[in-house]
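Fold and geometry: a report
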Amino acid sequence: MGSNGQIIRKKDLNFWDRLYIPEILKGLVLTFRQMFKPEITVQFPEERFTPPAQFRGRPVLVEENGVERCVACGLCSRVCPALAIEVQASETELAKERFPIKFEINMVRCIFCGFCEEVCPEEAIIMSNEYLLVFNNQQEAVFGKDKLLKSAAEMHDRLEFLRQHR
Amino acid sequence: MELFIVAAKIVVVLGVLLTGAALTTWAERKISAFIQNRVGPNRIGWAGIFQIVADMVKLVMKEDIVPKSANRFVHDLAPMISLTVAMSTFAVIPFGNTIEIAGQNIKLMVADVNVGVLYILAMTGMGVYGVTLAGWSSNNKYSLLGGLRSSAQLISYELSMGMSLIGVIMIAGSVRLDQIVLQQTEYVGGWLPAWNIFLQPVGFVTFLVSAFAETNRLPFDLPEAEPELVGGYHTEYSGMKFGMFMLSEYINMITASAVVTTLFLGGWHLPFAETWGLSPFTLALLQVGTFAAKVICMIFFFIMIRWTIPRFRYDQLMKLGWKWMLPLAIANVLVTGLVLLLTTN
Ligand code: SF4
Ligand code: SF4
């Protein structure tokens, strides 16, 4: 509707368009043809979907040479819109000098936005391809370092994807 | 004996109708799934054919919630009206010619009413009471809007529906449905079956559009338009009362298909089958089969339309009804009258 109440048409319809019927028939042919295309459904519990590298599953910490890359700068915890991350820093003899003595992500709070991955200066927290998260209670949903750490070799696809597209 | 035959016919027709409605829900879900490249129900029974049984069990087990400020009596009554009306319309549809069983000549229709067409119009008109009362008694603004839309829609389309039927009645010279079908078993020029779809193409289109509007199917399902009215008239219904509305929608669809078949697609007439020299009994069975096949095709068409065309806007619906359908139907009556006058003289 225009400001003066007139209907503005982008394209004037001709007589056959306005009769609807040929257009309806065209639509019917389209939907009919669609019926014979293959289905894209994955039968979930029996078949599992393996997400591609660009998939944002639950966040994990990257582990390299037996230690996490994280330097406990706290940026991820700061940026997390859901306040899901808790980091406690401590000192170490290694070259990186700092490490998280405690690193917890509350998976019930996490919204899989990927901000933590984006902000991390060490590429230490990245999104994995895991999407099956089931908990029986709130405590179970708080993932500590034991559950978060994944070796860099395991996360190779995602790291490669980040290198190319970021 | 008479009574027994009638009872048997009622039992058979109701049984077929309810089974048919169950199968139609399944067919709709399957077809819509295929159109959207999905699989559809596939867990219960072969290809999910018993999904409706599971759904019915679920609906029966559910709590029946009635809003606090609703009119309880009318709230209970509305789905019953819908279902009763939906089931009783089918009574006058002739689903076959006469059949001879054990020396008895049985007409294959439940009630041989001599005003069949009027009965159908009256019954479909009654159906709106269920919807409107459901909308009103729920004491919910969305339900009420749905109910009101339904009655406005009915008034607009009842007219063109009746008008488009007049042409058919004029050709058959009768309002008896079996007469109308018998008239369609003749041939024009010896090869084209005199089905009303060929004799009355405009009447067919207007009737079909009106039938869609009367059954509240997409593209005319404004009474329950989900995006704007939550669930429309059945927003406040749960459990089996909701199930009754659903069931009556599907029964209505079957009945509408049967009515279209009877009035325009030659009913149980299978072209040239009478010249194949079959025994009367086989022929009668074949004709019942033909009728079923035609109805199934129409149901398929109903479903395809639903998953193809988006919903009309309310003003478009009214405009289509009053500015296009009604004049078209009236013009059709005039032209039919003129042609009949010229050809019979
Ligand atoms: S993905 Fe988003 S919500 Fe989840 S931990 Fe990272 S920043 Fe927080
Ligand atoms: S994961 Fe990255 S952003 Fe978070 S504390 Fe460790 S180094 Fe900093």
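Report on the accompanying structure. Since the structure is predicted, the reported quantities are computational estimates derived from the model, not experimental observations. (Residues numbered from 1 in each chain as written. Chains lettered and ligands numbered in written order. Predicted model: local features only at pLDDT ≥ 70, side-chain atom pairs only at ≥ 80, totals over all residues. Heavy atoms only, no water.)

Counting its secondary structure elements, chain A contains six helices and seven strands. When the helices and strands of chain A are listed from N to C terminus, the series reads α-α-β-β-α-β-β-α-β-β-α-β-α. For 166 residues, the compact-globule estimate of 2.2 N^0.38 gives 15 Å, and the C-alpha radius of gyration of chain A, at 25 Å, exceeds that figure by more than 25%. Dimensions along the principal axes, computed over C-alpha positions, put chain A at roughly 80 × 50 × 35 Å. Buried positions account for 30% of the 166 residues belonging to chain A. Looking at chain A alone, contacts between residues at least 24 apart form 72% of all its contacts between residues at least 6 apart. (Helix = DSSP H or I, 4+ residues; strand = E, 2+ residues; numbered from the N terminus. Rg over C-alpha atoms; globule rule 2.2 N^0.38 Å. Buried < 20%, exposed > 50% of the residue type's maximum accessible area, 1.4 Å probe, protein only. Contact = heavy atoms within 4.5 Å.)

To continue, consider the pairing of strand β3 (residues 85-91) of chain A. Residue and element names in this part refer to chain A. Pairing between β3 and strand β4 (residues 98-106): seven bridges, direction antiparallel. Residue Ser90 lies in a different strand from β4, and its bridge partner there is Phe99. Where β3 folds back on β4, the antiparallel hairpin that results is connected by six residues, among which Glu97 adopts a positive phi of roughly 70°. (Pairing = 2+ DSSP bridges.)

With that settled, the discussion passes to the packing of aromatic side chains. As enumerated under the stated definition, the model contains 14 aromatic pairs over all chains in all. Seen in terms of ring centroids, Phe207 of chain B and Phe264 of chain B are 5.4 Å apart; in terms of plane orientation they differ by 40°. Their pairing is tilted. One end of the pair, Phe207 of chain B, is in helix α8 (residues 201-214); the other, Phe264 of chain B, is in helix α10 (residues 239-264), with 57 residues separating them in the sequence. Each member of the pair Phe207 of chain B and Phe264 of chain B is classed as buried. Plain terms: the ring middles of Phe212 of chain B and Phe301 of chain B are 6.2 Å apart, the flat faces sit at 70° to each other, and that makes the pair edge-to-face. You can see Phe212 of chain B sitting in helix α8 and its partner Phe301 of chain B sitting in helix α11 (residues 280-306), a full 89 residues away along the chain. Here the aromatic residues Phe32 and Phe36 of chain A together with Phe300 of chain B are joined through ring pairs into a cluster of three or more. The cationic tip of Lys294 of chain B hangs over the ring face of Trp195 of chain B; the distance from NZ or CZ to the ring centre is 4.0 Å. (Phe/Tyr/Trp six-rings, centres within 6.5 Å; stacked < 30°, edge-to-face > 60°. Lys NZ or Arg CZ within 6 Å of the ring centre and 35° of its normal.)

Near ligand 2 the following residues occur: Cys70, Val71, Ala72, Cys73, Gly74, Leu75, Cys76, Phe103, Cys120, Pro121 and Ile125 of chain A. Broken down by class, the residue content of the shell around ligand 2 amounts to 10 nonpolar, one polar and no charged. (Near = heavy atom within 4 Å. Nonpolar A, V, L, I, M, F, W, Y, C, P; charged D, E, K, R; others polar.)

This part takes up the pattern of salt bridges. Counted by the stated rule, this structure contains 20 salt bridges over all chains. Ionic pairing is found between Asp315 of chain B and Arg313 of chain B, a salt bridge with its closest N-O pair at 2.9 Å. Each of the salt bridges in this network shares a partner with another, and the network as a whole consists of Glu64, Arg69, Glu123, Glu160 and Arg163 of chain A. (Salt bridge = Lys/Arg side-chain N within 4 Å of Asp/Glu carboxyl O.)

Residue and element names in this part refer to chain B. Scanning the model with the defined rule gives three cavities of 30 Å³ or more in all. As a volume, the largest cavity reaches approximately 410 Å³. Around the largest cavity, the lining is made up of 29 residues, and of these Thr124, Gly127, Glu214, Thr215 and Asn252 lie nearest the centre. Looking at the lining of the largest cavity, the elements that each hand over two or more residues are α3 (72-89), α4 (116-137), α5 (141-172), α8 and α10. The dominant element in the lining of the largest cavity, judged by the number of residues it contributes, is α10, at seven residues. (1 Å grid on protein atoms, 1.4 Å probe; cavity = no way out; pocket = protein on both sides within 12 Å on 5 of 7 lines; lining within 4 Å. Points joined across faces, edges and corners; volume = space filled by probe spheres on them.)

A separate point is the packing of α4 of chain B against α5 of chain B. Residue and element names in this part refer to chain B. It is the contact of α4 with α5, at a shortest axis distance of 8 Å, that shows an interaxial angle of 175°. Overall, the two elements α4 and α5 adopt an arrangement that is roughly antiparallel. For the pair α4 and α5, contact is made by Val117, Leu121, Thr124, Gly125, Val128, Val131, Thr132, Gly135 and Trp136 and by Ser143, Leu144, Gly147, Ser150, Ser151, Leu154, Glu158, Met161, Gly162, Leu165 and Ile169, respectively. Tallied by class, residues from the contact of α4 with α5 come to 10 nonpolar, nine polar and one charged. (Axes fitted to C-alpha atoms, helices over the stretch in contact; angles between N-to-C directions. Parallel < 35°, antiparallel > 145°, perpendicular 65-115°, else oblique.)

Attention shifts here to the sheet that holds strand β6 (residues 142-143) of chain A. Taking strand neighbours across the sheet as the criterion, the three strands line up as β3-β4-β6 (chain A) in an open arrangement whose pairing is antiparallel. One side of each edge strand has no neighbouring strand; the edge strands of this open sheet are β3 and β6 of chain A.

This part takes up the site of ligand 1. Around ligand 1, a shell composed of Cys80, Pro81, Ile85, Cys110, Ile111, Phe112, Cys113, Gly114, Phe115, Cys116 and Met127 of chain A is seen. Taken together, the residues of the shell around ligand 1 break down into 10 nonpolar, one polar and no charged.

The volume enclosed by the largest pocket comes to roughly 1500 Å³. In terms of lining, the largest pocket is formed by 42 residues, of which the most central are Leu19, Tyr20, Ile21 and Ile24 of chain A together with Phe312 of chain B. Counting only elements with at least two residues in the lining of the largest pocket, the list comes to α1 (15-18) and α2 (21-34) of chain A together with α8, α11 and α12 (314-344) of chain B. Partitioning the lining of the largest pocket into residue classes produces 30 nonpolar, three polar and nine charged.

Side chains that are nonpolar tend, in soluble globular proteins, to be buried together. Phe90, Tyr157, Phe207, Phe220, Leu263 and Phe291 of chain B are the most contacted members of the largest nonpolar core, which has 68 residues in total. If one sorts the elements of this core by residue count, α10 of chain B sits on top with 12 residues. Ranked by size, the runner-up nonpolar core spans 18 residues in total, among them Cys76, Ala84, Ile85 and Ile105 of chain A. (Core = buried A, V, L, I, M, F, W, Y, C linked by side-chain atoms within 4.5 Å.)

Another aspect to go through is the environment of Gly190 of chain B. Tracing the chain through its elements places Gly190 of chain B in the loop between β3 (187-188) and β4 (192-193). On the basis of relative accessibility, which here comes to 54%, the residue Gly190 of chain B falls in the exposed class.

Limitation: the analysis is restricted to geometry and does not speak to function.
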